[in-house]
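Structure at a glance
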Amino acid sequence: MKKLFALMVMLMTVAGVKAQMVLSDNHAMLKLEQGKKYLLLPVQEKEENASIAVLDERNEMVMRLNVKLAVDKVDYFVPLELKQARLLDIIFHGDRRTTGAIKDFACWREMKYSNSFDTTNRERFRPVYHHTPLYGWMNDPNGLFYKDGVWHLFYQWNPYGSQWENMTWGHSTSTDLVNWTAQPTALQSDWLGAVFSGSAIVDKNNTAGFGKDAVIAMYTSAGASQTQSIAYSTDGGRTFTKYAGNPVITFNAPDFRDPKVFWYEPRQCWMVILAVGQEVHFYSSKNLKEWKFESAFGRQYGNHEGVWECPDLVQLGEKWVLILNINPGGPFGGSATQYFVGQFDGHKFTCEDEPGETKWMDYGKDHYATVTFHNGPEGRIVALPWMSNWQYGGAVPTLQFRSANGLPRDLGLTTVNGESILTNTPSKELLALRSKKVKTPTDACEIVIDVKGTMELTLMNSKGERVVMNYDSKKQTFSMDRTKSGEVSFSEAFPCVTEAPTFGPMKQLRLFIDHSSIEAFEGEGRMVMTNLVFPSEPYNIIKVKGGKATIYSLALKK
Ligand code: FRU
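As the structure is a computational prediction, the values presented were derived from the model and not from experiment.

Some points on the overall build of the protein
Check the secondary structure of the protein and you find three helices and 40 strands. Here the C-alpha radius of gyration of the protein, 24 Å, is about what a compact globule of 558 residues would show, namely 24 Å. Looking at the protein as a whole, 57% of its 558 residues qualify as buried. When contacts within the protein are restricted to residue pairs at least 6 apart in sequence, those whose partners lie at least 24 apart make up 61%. On the protein, roughly 22,800 Å² of surface is accessible, and the fraction owed to carbon and sulfur atoms is 52%.

Shown next, in the form of C-alpha cells:
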C-alpha cells in the first residue's frame, strides 16, 4: 500500500518532457510546462557542455548555463529552478560524428519536471563532519564571516554539474563550524561575468551607506576581463543585492581576482588585497565603493611556479601574515598555500622572510584556496581550506558532489629557531564531536597519538589498502604515503608521499579521518598535512610503532 502510494506521488510530481524542437545539427529549443518547480536535467559527465539560455515570456534571457546534457547515459540529475522560465534555447557543442544526431540524445527522454529534488546523500566517500555542498561541484571557500553566533560559508559552486562551470556563490551556515545547513544560492552570474572568489565583511558603522551592520560581499566578476564588484545584504547574509555602480575596481591584467577585504583600525579604512598574476595589490577605501591603489607585493618573494590566487592578510599578535594560494607550484605538485610573515602599515606589506624562502601552510596535497573568517569571535582567526587539488579535483571518485572543505583551523604564530612559523590548530569545536573511545579506527574518527620518538603508523583495511605515516625524530620530519591507499588510478598525480618538517620534536599527533580524508596535525599546530584517500572499505586496522594511540569515534550531535 505504502509503495503504491509512493509510486502515485512520484507519477504525479515527476513528468516526462516532450516539447523539444530540434532545429539543426546543434540547436534545439524546449518549451517549458508552466507550474512546475524544477526541470531535472540529465547529466553525462564525459560529454561536452551544452549552452542553455533560459528565456522568459518576453523572450528575455533570465539566465545562461552550461550543462553536460546526457547523450547516451545518465550519470545524475541537476535541478533547474523554473521560476519565470518559458523556453530553453540549447546549443550543443560536441562532435556529431561521435555523438550522433541530437534528436536521439538521452537527455530528451530522461528530462523530467518535478516539484522536489532529492539531495539525500548517495556517496560513500562523502565526509560527515566536513562541509560539502548538497550536490554539484565546489571549489574555493568565499565570503567567510561570523555574525550573531552564525558562521557563514559561501563557496564557488556549480549547481548544474559536478565539474567546474557556471560559477555562483553557494551558501551554508553553522553555529559550531561542524554542523552545516545549506542555504539558497547567494550570488548568480550577470553580464559582468561569472561570480568568482571573494570575501564578505560586516559594515558595523555603515561606511558604505547600505545600512548599519549590512553584510557586504566583494567578488570578482569574471567576464571578458576580471573586475571587482560588490553586493550588499541587509538580512544578515541571506540575500544579496548587487551594487548599481559595479565594477568598483578595474585593472589591465588577465589575472586580477579574489578580493579579501579587511578593516585597518589605525587608518579607519577598509583595505583589500587582490591577486594579480604573481603579485598581490593593496587598495584602500572609506566606503567600499571608491578604491585607491596603495602598493604591490610579491616580486622575488616566495614561490612563483604558478598563478597567485586567493590572498588574505591577518594580524596575529604584533605581526601580520599574508596567506597566498598558488597553483601550480605546490611542494608535491599542483595547488598549495604559502604564507609570508611581516609588517603591514596600512599602505604596504613588508616581509621579514628572505626573498627566496617559501613557507607552506599545509604540507598535504589537498589544501587550497585557504582564507579566513572575518569578525571571528574572541579575536579568533579561523581558516578554511578547499580540500582538493586542481590537478585532479574534477576526477576524484564521487559524482553527486565534488568536493569538501578541510577542517576549520585556528591560526597562531610561534617562533622556531628565531623564525616565525604559522600554527594551525584544529578549531576547538571539533572536540565536541568526540563520542566514545573505540579500539579500532572507523570512517569518522580522531586518533590522538602520544609520540615516543621515531614512529611508524599504518592505517589499513582487510583489502590491504593502507596509508603509512612516518615520523623521524632525528630529522624532525613527518610523511604520509598514500600510494596504496585504495582508489588512486583516477589521476597520475594522485598517488604520492607527502613530507613535512615538524619544526621541533613532535610529542603528539592528531589524525582526523572522515571517509575520504586524513588530516594530520602536530600537537602544537606547527605542522599540518591534509590528504584525500579513497579506500574501498574503511581503514579499521591501526599499527603503531613508537607511539600510543587513543581513538575517538566522531559523530555530529544534531
Ligand atoms: C582558485 C580560483 C580563483 C578563482 C576561482 C574560480 O581556485 O581559480 O582564483 O576566483 O578559483 O572558481
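A closer look at the nonpolar core
In summary, soluble globular proteins display a tendency toward joint burial of nonpolar side chains. Among the nonpolar cores identified, the biggest contains 45 residues, and Phe282, Leu322, Phe349, Phe478 and Ile518 are the most heavily contacted of them. When residues in this core are grouped by element, the largest group, seven residues, is from strand 33 (residues 444-460). Setting aside chain neighbours within four positions, we find Phe349 in contact with Phe282, Phe297, Leu313, Trp320, Leu322, Phe340, Val341, Gly342, Gln343 and Phe344. Counting residues in each nonpolar core, the second largest holds 29 residues, with Leu39, Val54, Val71 and Tyr160 among its members.

Re the layout of surface pockets
The calculated volume of the largest pocket comes to roughly 1,500 Å³. In terms of lining, the largest pocket is formed by 46 residues, of which the most central are Met63, Tyr160, Thr168, Gln188 and Ser189. Counting only elements with at least two residues in the lining of the largest pocket, the list comes to strand 6 (61-67), strand 7 (76-81), strand 11 (150-158), strand 13 (181-187) and strand 14 (194-203). What lines the second largest pocket is a set of 27 residues, and nearest its centre among them are Phe262, Trp263, His374, Asn375 and Ile381.

So, the site of the ligand
Close contacts around the ligand come from Asn139, Asp140, Gln156, Trp164, Met167, Phe196, Ser197, Arg257, Asp258, Glu309, Tyr368 and Trp390, and that covers them all. For the ligand, an oxygen atom lies 3.1 Å from a polar atom in the side chain of Asn139. Contacts to the ligand include Arg257, whose side-chain N or O atom sits 2.6 Å from an oxygen atom. In isolation the ligand has 310 Å² of accessible area, and contact with the protein removes 94% of it. Mapped onto the shell around the ligand, the elements with two or more residues apiece are strand 10 (136-147), strand 14 and strand 18 (256-264). Looking at the shell around the ligand residue by residue, the class counts come to five nonpolar, three polar and four charged.

Some words on empty space enclosed by the protein
Counted by the stated rule, this structure contains seven cavities of 30 Å³ or more. Space inside the largest cavity adds up to approximately 90 Å³. Lining the largest cavity are Phe125, Pro127, Met387, Val396, Thr398, Phe401, Arg402, Ser403, Ala404, Ser516, Leu532 and Phe534. Looking at side-chain class alone, the lining of the largest cavity contains eight nonpolar, three polar and one charged residues.

What about the state of the cysteines?
Among covalent bonds in proteins, the disulfide is the one between the sulfur atoms of two cysteines. Per the counting criterion, the structure on display carries zero disulfides. Cys351 takes part in no disulfide bond, and the closest cysteine sulfur, belonging to Cys310, lies 20 Å away.

A word on the domain arrangement of the protein
Domain parsing of the protein yields domain 1 (2-114) and domain 2 (430-554). For domain 1 and domain 2, the distance between their C-alpha centres works out to 44 Å.

Comments concerning the pattern of salt bridges
For the structure shown, the criterion picks out 31 salt bridges. Its salt-bridge partner being Lys319, residue Glu352 comes within 2.9 Å of it at the nearest N-O pair. Placement of Glu352 in the loop between strand 25 (349-351) and strand 26 (359-360) and of Lys319 in strand 23 (residues 319-327) is noted, with a sequence separation of 33 residues between them. Judged by relative accessible area, which is 39%, Glu352 ranks as partly exposed. Notably, a salt bridge pairs Lys545 with Glu456, separated by 3.8 Å at the nearest N-O pair. You can see Lys545 sitting in strand 40 (residues 541-554) and its partner Glu456 sitting in strand 33, a full 89 residues away along the chain. Connected via shared salt-bridge partners are Asp255, Arg257, Asp258 and Glu309.

A word on the pairing of strand 40
In this sheet, strand 40 lies alongside strand 32 (residues 434-438) in antiparallel orientation, the contact comprising four bridges. By the bridge assignment for strand 40, Val438 is matched with Ile551. Pairing of strand 33 with strand 40, which is carried by 12 bridges, proceeds in the antiparallel orientation. Considered in strand 40, the bridge of Ile447 is made with Ile551.

Points about unusual backbone geometry
For the bond running from Asn246 to Pro247, omega is -5 degrees, close enough to zero to count as cis. Inspection of the secondary structure assignment puts Pro247 in the loop between strand 17 (241-242) and strand 18. Here the residue pair Asn327 and Pro328 is connected by a cis peptide bond, since its omega of -10 degrees sits within 30 degrees of zero. With respect to the element layout, Pro328 can be found in the loop between strand 23 and strand 24 (336-344). Phi is positive for Asn206, which is not a glycine, with a value near 55 degrees.

Quick word on the side chain of Gln338
Following the sequence through the fold, Gln338 ends up in strand 24. The buried category is assigned to Gln338, whose relative accessible area is 0%. At 2.9 Å, the side chain of Gln338 forms a polar contact with the backbone nitrogen of Asn303. The contact partners of Gln338, leaving out residues within four places of it in the chain, are Gly302, Asn303, Trp308, Leu322, Ile323, Leu324, Ile326, Thr358, Lys359 and Trp360.

Some details on the environment of Phe117
Tracing the sequence through the fold places Phe117 in the loop between strand 9 (112-114) and strand 10. On a C-alpha basis, the gap between Phe117 and Ile201 in space is 32 Å, while along the polypeptide they are 84 residues apart. If near-sequence neighbours (up to four positions away) are discounted, Phe117 is found in contact with Tyr38, Leu40, Phe77, Val78, Pro79 and Tyr135.

The rules behind the values
Residues numbered from 1 in each chain as written. Predicted model: local features only at pLDDT ≥ 70, side-chain atom pairs only at ≥ 80, totals over all residues. Heavy atoms only, no water. Helix = DSSP H or I, 4+ residues; strand = E, 2+ residues; numbered from the N terminus. Rg over C-alpha atoms; globule rule 2.2 N^0.38 Å. Buried < 20%, exposed > 50% of the residue type's maximum accessible area, 1.4 Å probe, protein only. Contact = heavy atoms within 4.5 Å. Areas by Shrake-Rupley, 256 points an atom, 1.4 Å probe, with all protein chains shown as cover. Core = buried A, V, L, I, M, F, W, Y, C linked by side-chain atoms within 4.5 Å. 1 Å grid on protein atoms, 1.4 Å probe; cavity = no way out; pocket = protein on both sides within 12 Å on 5 of 7 lines; lining within 4 Å. Points joined across faces, edges and corners; volume = space filled by probe spheres on them. Near = heavy atom within 4 Å. Polar contact = N/O pair within 3.5 Å; in protein donor to acceptor, adjacent residues only side chain to side chain. Nonpolar A, V, L, I, M, F, W, Y, C, P; charged D, E, K, R; others polar. Disulfide = S-S within 2.5 Å. Domains from an automatic or database assignment. Salt bridge = Lys/Arg side-chain N within 4 Å of Asp/Glu carboxyl O. Pairing = 2+ DSSP bridges.

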